[in-house]
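# Examining the three-dimensional arrangement
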Amino acid sequence: MNNKRHDWKTEEIMAIYKMPLMDLLYKAASVHREFHDPNIVQVATLVSIKTGGCPEDCSYCPQAARYNTDITGNDLLSVQEVKKLALKAKSSGSSRVCMGAAWRNVKDGEDFEQVLEMVRTINKLEMEVCCTLGMITENQAKRLAEAGLYAYNHNLDSSEEYYKKVISTRGYQDRLDTIKNVRKTNVTVCSGGIIGMGEKVADRAGMLQALSSLNPHPESVPINALVPVKGTPLEAEKGVEVWEMIRMVATTRIVMPTTQVRLSAGRTTMSREGQAMCFFAGANSIFTGDKLLTTPNPDVNEDMKMFDELGLSPQKPFTKNKQPATVEAENSLLKSLDEKPKWSRPLHKI
Ligand code: SAM
Ligand code: DTB
Ligand code: SF4
């Protein structure tokens, strides 16, 4: 029976999160088996197509221009460079490529046209193409859909209350509005968040409440553990205990039973046993490749060894949704509107 709910209360979600661990694991694994093959895990790869120099002030992010971090920035990669990276990912078992850009929002123009060409190119490689480019308008979402985009990632990151403590240059509503724009197309929604930023369990539950109130639920929900990066305001955060990650994954699985739950940033500090418990609790996607966007990730060979040990198989592309069609640029009916959208800057002081 498909028992998806969109009316979860934060208190109910908190009660699930705080269940005795054995009960929580049993419940989450049971839900997981009802809707997914527990031995199949999606392997996705991140490609940072534009790194650093971002105007936003997300306290966790090494790519914000205002923080003095040790990353090497780059302008937008070429379509050929991205194609090469996608092929490399495919040859090591990845079925999905997520292209990340350190932008506040997408601006119509040359760079966006280049991203659209990247989407067309990777879709032709028979891989699921995902993008995370910041806020987008309805027309931009439609143009990405027409190019063959499979998923758009746009995280809520925390509860609405805690969000204000972490980011001042945009509001929660901006995030929800972008997700709404993506929902006007056939592109699937990927939206999740970060734990370990100093938030309370109520904020973790609040984030899951906000995500599960979306109808339909996001097709995928990444759960990131903060990677504390020197130079960012959150550099001194201690990092989460593995139990918190397991509880967060399990709770997400119970609250959004059919969603793909991605064990995202933070795996370098997790043991195989810890990760295995996350898979048991309902995680069924990971990012592989030795780098996330700018921070380290476990080596892909080590990950494949872990898959062997656990008897896991990588998910084939387009097993959950069918492959979108790609319309070539010259046949496109949608044009750039040269929009200048007014996204908010709620608490920003500069
Ligand atoms: N600029 C776009 C945006 O913010 O939507 C896309 C890229 S942004 C880097 C994508 C996501 O990466 C963020 O929403 C956040 O969840 C995650 N992230 C960034 N820095 C992180 C860190 N230090 N640890 C864990 N997750 C992080
Ligand atoms: C998501 O939720 N996690 C990924 C992906 N979506 C874009 C990004 C994690 C980034 C971790 C910090 C970094 O490597 O810069
Ligand atoms: Fe920019 Fe995204 Fe990093 Fe925020 S999370 S600073 S918007 S790249």
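Let me sum up the structure you'll find in this document. Per-chain numbering applies: the sequence of each chain, read as written, is numbered from 1 onward. As they are written, the chains are lettered A onward and the ligands numbered 1 onward, keeping that order. Where local features are concerned, this predicted model is filtered to residues with pLDDT of at least 70; where side-chain atom pairs are given and counted, the filter is 80 or more; whole-chain, interface and lining totals use all residues.

This next bit is on the site of ligand 2. Among the 17 residues in the neighbourhood of ligand 2, the closest are listed as Pro222, Leu292, Leu293, Thr294 and Thr295. The secondary structure listing takes helices from DSSP runs of H or I that are at least 4 residues long and strands from runs of E that are at least 2 residues long, numbered from the N terminus. Only strand E2 (96-101) and strand E7 (220-225) provide two or more residues apiece to the shell around ligand 2. Gly is put with the polar residues, along with every residue not named as nonpolar or charged; the nonpolar set is Ala, Val, Leu, Ile, Met, Phe, Trp, Tyr, Cys and Pro, and the charged set is Asp, Glu, Lys and Arg. The residue inventory of the shell around ligand 2, partitioned by class, reads eight nonpolar, nine polar and no charged. Any residue whose C-beta atom, as set from the backbone, lies within 6 Å of a molecule or strand is reported as near that molecule or strand.

Topologically, isoleucine 195 is positioned in strand E6 (residues 193-195). When the 22 C-beta atoms within 10 Å are taken as the criterion, isoleucine 195 is described as buried. Note on contacts: residues are paired as contacts if their backbone-placed C-beta atoms lie within 7 Å. The residues contacting isoleucine 195, other than those within four sequence positions of it, are Arg204, Ala225, Val240, Glu244 and Met248. The burial label depends on the number of other C-beta atoms within 10 Å of a residue's C-beta. Counts of 20 or more mean buried, 12 or fewer mean exposed, and intermediate counts mean partly exposed, with C-beta atoms placed from the backbone.

This next bit is on the packing of helix H1 (residues 10-17) against helix H8 (residues 201-213). Packing of H1 against H8 brings their axes to within 8 Å, and their N-to-C directions diverge by 120°. With respect to H8, the axis of H1 lies oblique. Our pair here, H1 against H8, has a crossing hand that is right-handed. Between H1 and H8, the contacting residues are Thr10, Ile13, Met14 and Tyr17 on the first element and Val201, Ala202, Arg204, Ala205, Gly206, Leu208 and Gln209 on the second. In terms of residue class, the contact of H1 with H8 is built from seven nonpolar, three polar and one charged. Helix axes are fitted only over the stretch in contact, all axes being lines through C-alpha atoms; the angle between N-to-C directions runs from 0 to 180 degrees. Angles are sorted into four bins: roughly parallel if under 35 degrees, roughly antiparallel if over 145, roughly perpendicular if 65 to 115, and oblique for all others. Crossing chirality is assigned from the near helix's rotation relative to the far helix, an anticlockwise turn below a right angle marking it left-handed and a clockwise turn marking it right-handed.

Of all eleven residues making up strand E1 (residues 40-50), ten are buried, and the element is well covered by its neighbours. Strands are labelled as partners when DSSP assigns at least two bridges between them. Direction of pairing for E1 relative to strand E10 (residues 313-314): parallel, over a ladder of two bridges. Within E10, the position partnered with isoleucine 40 by the bridge is serine 313. Pairing between E1 and strand E9 (residues 283-288): four bridges, direction parallel. Across the sheet, the residue bridging to alanine 44 is phenylalanine 287, located in E9. Bridge analysis of E1 against E2 gives six bridges, and the strand direction is parallel. Its bridge partner lying in E2, serine 48 is registered against glycine 100. Crossover handedness is defined here as right-handed if the route from the first strand over the helix to the second strand goes clockwise, with the strands pointing away from the viewer. In this fold, E1 hands off to helix H3 (residues 79-91), which returns the chain to E2; that crossover is right-handed.

It is worth spelling out the nonpolar core at this point. Any nonpolar core is a set of buried residues, restricted to Ala, Val, Leu, Ile, Met, Phe, Trp, Tyr and Cys, that join up through C-beta atoms within 7 Å. In this structure, Val97, Val119, Leu144, Leu149, Tyr152 and Val249 are the most contacted members of the largest nonpolar core, which totals 96 residues. Per-element tally for this core: the top contributor is helix H9 (residues 242-255), with seven residues. When residues no more than four places from it in sequence are discounted, the contact partners of leucine 144 are Leu116, Val119, Cys131, Leu149, Tyr152 and Val187.

Let us look at the environment of leucine 176. Among the structural elements, leucine 176 can be located in helix H7 (residues 172-183). Considering only alpha carbons, one finds leucine 176 and isoleucine 16, 160 residues apart in sequence, at a separation of 25 Å.

Attention shifts here to the environment of arginine 66. Among the structural elements, arginine 66 can be located in the loop between E1 and H3. Arginine 66 sits twelve residues away from cysteine 54 along the chain, and the two C-alpha atoms are 8.1 Å apart.

The local shell around ligand 1 holds 18 residues, among which Thr132, Asn155, Asn224, Val227 and Ala265 are the closest. Counted by class, the shell around ligand 1 contains ten nonpolar, seven polar and one charged residues.

Further remarks concern the packing of H3 against helix H4 (residues 110-123). Viewed as axis vectors pointing N to C, H3 and H4 meet at an angle of 35°, and their least axial separation amounts to 10 Å. Read as a crossing pair, H3 and H4 show a hand that is right-handed. Contact residues: H3 offers Val79, Val82, Lys83 and Ala86, while H4 offers Gln114, Glu117, Met118, Thr121 and Ile122.

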